[in-house]
Amino acid sequence: MNKRYNNLIKKDEKNFPRGLYKTHPTFEIGSGKIFNGYKALFSKIKDKHKNNCSVFVIDGFNGLDWNQLKDSLTELFSEGKYKVFWEGISNCLLPEKNINSLIDPFLGKNDPLWGTHYPFGMESFFDPVKISKLRIKAAKNKNSNSIFIIYGSGSGILDIYDCLIYVDIPKDFLQENARNNKVKNIGSSKFLKFGQFYKRSYFVDWPAQNRKKRELLPDVDILVDLSNPSSPNIMNGTDFRNALSLLSESPFRPRPWFYPGPWGGKFMQGHMGLDPDEPNFAWSFELIAPENGVVVKSDKETLEFSFDFIMFQENRKMLGKSTARRFQYEWPIRMDYLDTINGGNLSTQCHPRPEFMIENFGETYTQDETYYISVAKEDAKVYVGLNENINALEFKQKLLESEQNGTEVDIEKYVHSVEVKPHDLILIPNGTVHCSGEGNLVLEISATPYIFTFKIYDYLRKDLNGNLRKLNIERAFENIRQERTSTFINKNYIPQPRLINQGDDWKDFEIYNRKESFYNINRIDFLTTCSLETKGRGLIVNLVEGRTIKLKSNNGRIAELNLYETMVIPEASILITITNQTSHKCKLVYSFVRSSAIDNGLNDPKI
């Protein structure tokens, strides 16, 4: 453990010292690239109109404030005495009952977790006759003196336009809007409860929108970040694509975001300087690729866009050719923090086996995990695997009775526990019963799928809205690998570092390399400098000990990384030179897709 935290991790400790962790990292892209405000957007549209653009399409992710965008631009058009016609693409949607009938097979009925990825794009939600008529309208307005604007999520399906504007919104902002009943699902007439909204978005709306986003990216003329509905940030499409190219050759930090939970702790709240008015913080989403954004900076202005934009344009430079062939546009490894220090145990849970994941959810790989212990109280534990010689049927019955009658279950009677200390690594491949106990800051290094958790016991706790959390006991027991008991876990899933390379004052250790999962985890311990080659692999790294390091890539870009921060190192960075900025010893964890996993297949259902 870092000396700074010695003697601070106590049961009655409420406040933890503020570290150097930056909650809003940015990536510099040069001067004069980002503009702020509706006047700037209006100016861009006006310039396009002067250059014979008359038909404008404004597409974007569902969840942003389309009315404010339209009203703000309308006021500026009026002041400039422009003749403008607006058409909302939502008027061309199929009737709600038709959309519901179309997507119902993918939503798993009333189960809050169950669903299957929708295989089509935004076109399927729209009435082809209405779209055809709108297309004719757009064609008639070509080369006219007026401005014709088609706007709303899915507008890009209209292929007749002179200028394409895409509006993005960060996923955490979108989800907060949904929690506050400001967002409806595509084609829905009513606000859904957040869990229902999220499930439908995850399985249907977001995949459909991402297909269209990927298709439109090469043609985007103007990108708009609508994080702040009253003050958009704007980039030219060419500058945006150039920024994506530069990012794909340089180390960079996505913007993390944080959320409280019923078991959440207090360590991140202090160390990362998070909102002191929240009850706790349970999660830090360091990089879960479908959820995070990247913030670029030009002069004093910033602009955020979704991480997947980089993957859509530069997946080979990000992952390397072999890995990109396997994962296409997905970044396959995630890092997030789970904070239970002065909080509570996570729910006891497991994740689906590969064949179950494919058949039931339409995912191509499953949610294998590891817990890297960053900070721990002296008596902290991780629960992993089952105890020897337990009666699994009895365990299941106890859990079902608890769910039905509200009776407590003695989890330690059935689930194996391991005492942990900082820098321990616990392996949790699919089908392994597990949870972090109270008193840990866990760096979760895992496969990217992130919502497929079958909870079997949650200590009869209610969530922050006062509801008992949903359990999936029957499905969990379809997936639990009952042979993974104490002896097996202690022998196989608590690996010891293996030295694979070293220099004057650095050592490179392999800490995870097993066939159960497709990724490896290594750690470099160093005092002054060391280097890291990508070797055809995209890397994700986290500074688990030290203060501040600097990373210089092959293109000369320099990035700073502080304690507990996460960074992406694209394959195209080639060679990274790492320099310690203090006298404190550093430990840098890095993870990557193992080449043999690509060659031999991933998540073998037999494993």
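About the thresholds
- Residues numbered from 1 in each chain as written.
- Predicted model: local features only at pLDDT ≥ 70, side-chain atom pairs only at ≥ 80, totals over all residues.
- Heavy atoms only, no water.
- 1 Å grid on protein atoms, 1.4 Å probe; cavity = no way out; pocket = protein on both sides within 12 Å on 5 of 7 lines; lining within 4 Å.
- Points joined across faces, edges and corners; volume = space filled by probe spheres on them.
- Helix = DSSP H or I, 4+ residues; strand = E, 2+ residues; numbered from the N terminus.
- Nonpolar A, V, L, I, M, F, W, Y, C, P; charged D, E, K, R; others polar.
- Core = buried A, V, L, I, M, F, W, Y, C linked by side-chain atoms within 4.5 Å.
- Buried < 20%, exposed > 50% of the residue type's maximum accessible area, 1.4 Å probe, protein only.
- Salt bridge = Lys/Arg side-chain N within 4 Å of Asp/Glu carboxyl O.
- Phe/Tyr/Trp six-rings, centres within 6.5 Å; stacked < 30°, edge-to-face > 60°.
- Pairing = 2+ DSSP bridges.
- Contact = heavy atoms within 4.5 Å.
- Axes fitted to C-alpha atoms, helices over the stretch in contact; angles between N-to-C directions.
- Patch = residues over 30% accessible without salt bridge, like charges linked within 9 Å, V, L, I, M, F, W, Y side chains within 5 Å.
- Areas by Shrake-Rupley, 256 points an atom, 1.4 Å probe, with all protein chains shown as cover.
- Lys, Arg positive; Asp, Glu negative; His and termini not counted.
- Charge placed at Lys NZ, Arg CZ, Asp CG, Glu CD.

Caption draft 1: The layout of surface pockets, seen in detail. Taken as a whole, the second largest pocket encloses approximately 820 Å³ of empty space. Of all the secondary-structure elements, those providing two or more residues to the lining of the second largest pocket are α6 (194-216), α9 (308-319) and α10 (321-327). Sort the elements by how many residues they give to the lining of the second largest pocket and α6 lands first, with 6 residues. Taken together, the residues of the lining of the second largest pocket break down into 16 nonpolar, 6 polar and 7 charged.

Caption draft 2: Summary view of the nonpolar core. Formed by 175 residues in total, the largest nonpolar core has its most connected members in Ile58, Leu73, Phe125, Phe305, Phe307, Trp331 and Phe395. Top contributing element to this core by residue count: α6, with 8 residues. Cys530, Ala559, Ile569 and Cys586 belong to the second-largest nonpolar core, a separate cluster that totals 19 residues.

Caption draft 3: Quick look at the pattern of salt bridges. Using the criterion set out here, one finds 28 salt bridges in the structure. As a salt-bridge pair, Lys421 and Asp424 come within 3.1 Å of each other at their nearest N and O atoms. Connected through salt bridges with shared partners, the residues Arg334, Asp336, Glu369 and Glu444 form a single ionic network.

Caption draft 4: Layout of the packing of aromatic side chains. Summed over the entire model, instances satisfying the criterion amount to 48 aromatic pairs. With 5.0 Å between their ring centres and 80° between their planes, Tyr202 and Phe203 make a pair best called edge-to-face. We note that Tyr202, like Phe203, is buried. Cluster of aromatic residues (ring-pair linked, three or more members): Trp114, Phe194, Phe197, Tyr198, Tyr202, Phe203, Trp206, Phe356, Phe361, Tyr450, Phe452 and Phe454.

Caption draft 5: Quick look at the sheet that holds strand β1 (residues 27-28). Read from one edge to the other, the open sheet built from 3 strands follows the order β1-β11-β12, with strand pairing classed as mixed. The sheet terminates laterally at β1 and β12 (301-306), the two strands that pair on one side only. Lying on the sheet, α9 is in contact with β11 (293-298) and β12; it crosses β12 at an angle near 70°.

Caption draft 6: Representation of unusual backbone geometry in the model. With a phi angle near 60°, Lys81 is a residue other than glycine that sits in the positive phi range. As for its position among the elements, Lys81 is in the loop between α2 (66-79) and β4 (84-88). Within the chain, His423 stands out as a residue other than glycine whose phi angle is a positive 80°. Assessed through its relative accessible area of 17%, His423 is described here as buried.

Caption draft 7: View of a negative patch on the surface. A cluster of acidic side chains, namely Asp65, Asp71, Glu75 and Glu79, defines a negative patch on the protein surface. Among the secondary structure elements, Asp71 is positioned in helix α2.

Caption draft 8: Spatial organisation of the sheet that holds strand β29 (residues 566-569). The 6 strands are arranged β22-β23-β24-β31-β26-β29 in an open sheet whose pairing can be described as antiparallel. Because the sheet does not close on itself, it has two edges, and the strands there are β22 (498-502) and β29. If you compare each strand with its neighbour and ignore which way they point, the axes differ by 25° on average. Bridge count for strand β26 (residues 539-545) against β29 is 4 bridges, and the pairing is antiparallel. Residue pairing across strands places Val541 opposite Met567, the latter belonging to β29.

That's the geometry; what it means functionally is another story.
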